[in-house]
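Structural overview
Read off the chains here:
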Amino acid sequence: MKQKILVTGGAGFIGGNFIHYMVNKYPDYFIINLDALTYAGNLGTCEAVEEKSNYKFIKGDITNREFIFDLFEREAFDMVVNFAAESHVDRSVADPEIFIKTNVLGTQVLMDASRTFGVKRYHQVSTDEVYGDLPLNRPDLLFKEDTPLHTSSPYSASKASADLLVLAYHRTFGLPITISRCSNNYGPYHFPEKLIPLMISRALNDEALPVYGNGENVRDWLHVYDHCTAIDLILHKGRIGEVYNIGGNNERTNLEVVQTILKALNKPESLITYVKDRPGHDLRYAIDSTKLKTELGWEPTYNFETGIKQTIEWYLENKKWWENIISGDYKNYFKEQYGDQS
Ligand code: NAD
Ligand code: TYD
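Residues numbered from 1 in each chain as written. Chains lettered and ligands numbered in written order. Predicted model: local features only at pLDDT ≥ 70, side-chain atom pairs only at ≥ 80, totals over all residues. Heavy atoms only, no water.

Further remarks concern the environment of Ile 62. Mapped onto the elements of the fold, Ile 62 is located in the loop between strand S3 (55-59) and helix H2 (65-75). The residues touching Ile 62, leaving out its near neighbours within four places in the chain, are Thr 8, Leu 34, Ile 68, Asn 82, Ala 84, Thr 102, Gly 106, Thr 107, Val 109 and Leu 110. (Helix = DSSP H or I, 4+ residues; strand = E, 2+ residues; numbered from the N terminus. Contact = heavy atoms within 4.5 Å.)

The next subject is the pattern of salt bridges. Applying the stated criterion across every chain, the model contains 18 salt bridges. In this structure, the salt-bridge partner of Arg 239 is Glu 295, at a minimum N-O distance of 2.7 Å. Linking Arg 239 in the loop between helix H7 (224-237) and strand S11 (243-246) with Glu 295 in helix H9 (residues 290-296), this pair joins segments that are 56 residues apart in sequence. The partly exposed category is assigned to Arg 239, whose relative accessible area is 41%. Judged by its relative accessible area of 34%, Glu 295 is partly exposed. With its nearest N and O atoms 2.7 Å apart, the salt bridge here joins Arg 284 to Glu 251. Residue Arg 284 is located in the loop between strand S13 (272-275) and H9, and its partner Glu 251 is located in strand S12 (residues 251-253); the two are separated by 33 residues in the primary sequence. (Salt bridge = Lys/Arg side-chain N within 4 Å of Asp/Glu carboxyl O. Buried < 20%, exposed > 50% of the residue type's maximum accessible area, 1.4 Å probe, protein only.)

All chains considered together, the criterion is met by two cavities of 30 Å³ or more. One number sums up the size of the largest cavity: a volume of about 60 Å³. In terms of lining, the largest cavity is formed by Val 89, Val 93, Glu 129, Ser 152, Ser 153, Arg 219, Arg 278, Pro 279, Gly 280, His 281, Asp 282 and Tyr 285. Lining the second largest cavity, in full, are Ala 11, Gly 12, Phe 13, Ala 40, Thr 45, Tyr 189, Phe 191 and Trp 321. (1 Å grid on protein atoms, 1.4 Å probe; cavity = no way out; pocket = protein on both sides within 12 Å on 5 of 7 lines; lining within 4 Å. Points joined across faces, edges and corners; volume = space filled by probe spheres on them.)

Neighbouring ligand 2 are 19 residues; Glu 129, Arg 219, Arg 278, His 281 and Tyr 338 lie closest to it. Taking Tyr 212, its main chain carries an N or O atom lying 2.8 Å from an oxygen atom of ligand 2. Arg 219 is positioned such that a nitrogen or oxygen atom in its side chain is 2.7 Å from an oxygen atom of ligand 2. Secondary-structure elements contributing two or more residues to the shell around ligand 2 are helix H6 (195-204) and strand S8 (209-212). (Near = heavy atom within 4 Å. Polar contact = N/O pair within 3.5 Å; in protein donor to acceptor, adjacent residues only side chain to side chain.)

Within the structure, ligand 1 sits among 29 residues, and Ile 14, Asp 35, Ser 87, Tyr 155 and Lys 159 are positioned closest to it. A distance of 2.7 Å separates an oxygen atom of ligand 1 from a polar backbone atom of Ile 14. Interatomic distance of 2.5 Å between a side-chain N/O atom of Asp 35 and an oxygen atom of ligand 1. Elements that contribute at least two residues to the shell around ligand 1 include exactly helix H1 (13-25), strand S5 (121-127) and helix H5 (154-173). Ranked by residues supplied to the shell around ligand 1, first place goes to S5 with three residues. Per-class residue counts for the shell around ligand 1 are 13 nonpolar, 12 polar and four charged. (Nonpolar A, V, L, I, M, F, W, Y, C, P; charged D, E, K, R; others polar.)

With that out of the way, let us pick up unusual backbone geometry. The phi dihedral of Ala 76 is positive, around 45°, even though this residue is not glycine. Structurally, the position occupied by Ala 76 is in the loop between H2 and strand S4 (79-82). Look at Asn 266: it is not a glycine, yet its phi comes out positive at around 60°. Within the fold, Asn 266 resides in the loop between helix H8 (254-265) and S13. We classify Asn 266 as exposed; its relative accessible area is 72%.

Encoded structure:
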């Protein structure tokens, strides 16, 4: 059946990859990309699908209720997939307010419009960070869907607040929702303020690589393509009202990640610079995706070795995309964030 799908935040990293995936996989669907084009939004990310007849971009802010209601009335969406968010933990430490506005209030506006205009599925893209962190010395512990929410940063607190609101809209108003909570993504079009693209771009320029604390914190890395296939499955086969964890079973310390990148680029480890730790820094994330695998048959296509190789090649072949970003306002942010330490 034909579907008209609103994808919010489609000029960002994961939303952009999802737009590529959906526009190409479902030529008979109509995909509308709504994005406010904040510092993290980049239309260059969607260039390859710009001319497709089943795709349209609209600039707009999910917190603007009047605009969102007009849009929903006009377009009569079947589904909404909400990627739009402020997504960087360090920025949430520096200035939490916009995180509450976009991530919590923006979600509420989208759900109010979804209720009013009879959207058949509202999907909330969430994160494993809502579960807080796990100890480094307990590899047996993994986040499951019923692990209590226990957040550390203003970013994760805003995402957890949104999740609770989404579940409340399901229970109270019967809004047909699903939620996915994914581990750390990496891959093409990743904004170079996050660990992997930051390290690749700086190593290529022979610049210092700022590793927080002792580099022992662990993340569970998933290639963004596998996140997209998981959301596709949840949209088409997931049970209404359910939460699905998505994870790669690719736990690595930050130091291991940086060393892998340096080795692949043939750059020296002397570029690594240990800098002041992030306040409240989560120790370890690790996801149990059994529910997604057994219920919906999801399997990732990449492991960390194949995924990081593909990603590094992409950054080598698409220098223009990330060099444009680094030459803008981002330079000032970097100075403020890392000061003299880098
Ligand atoms: P991103 O920062 O790269 O992109 C966010 C996009 O949202 C940008 O294009 C930005 O312009 C847009 N946006 C921000 N505020 C908006 C607003 N008010 N109205 C409309 N658009 C707005 O983020 P990302 O890494 O692609 O993450 C996308 C989603 O996935 C987020 O909800 C994030 O919490 C979640 N997530 C991310 C990861 C990860 O590893 N990056 C992991 C799990 C979940
Ligand atoms: P990040 O990519 O910001 O994702 P998240 O905090 O959402 O997991 O960071 C991933 C890990 O890398 C995290 O433990 C913090 C660490 N990190 C550094 O050591 N140096 C950096 O410059 C950045 C951006 C992150």
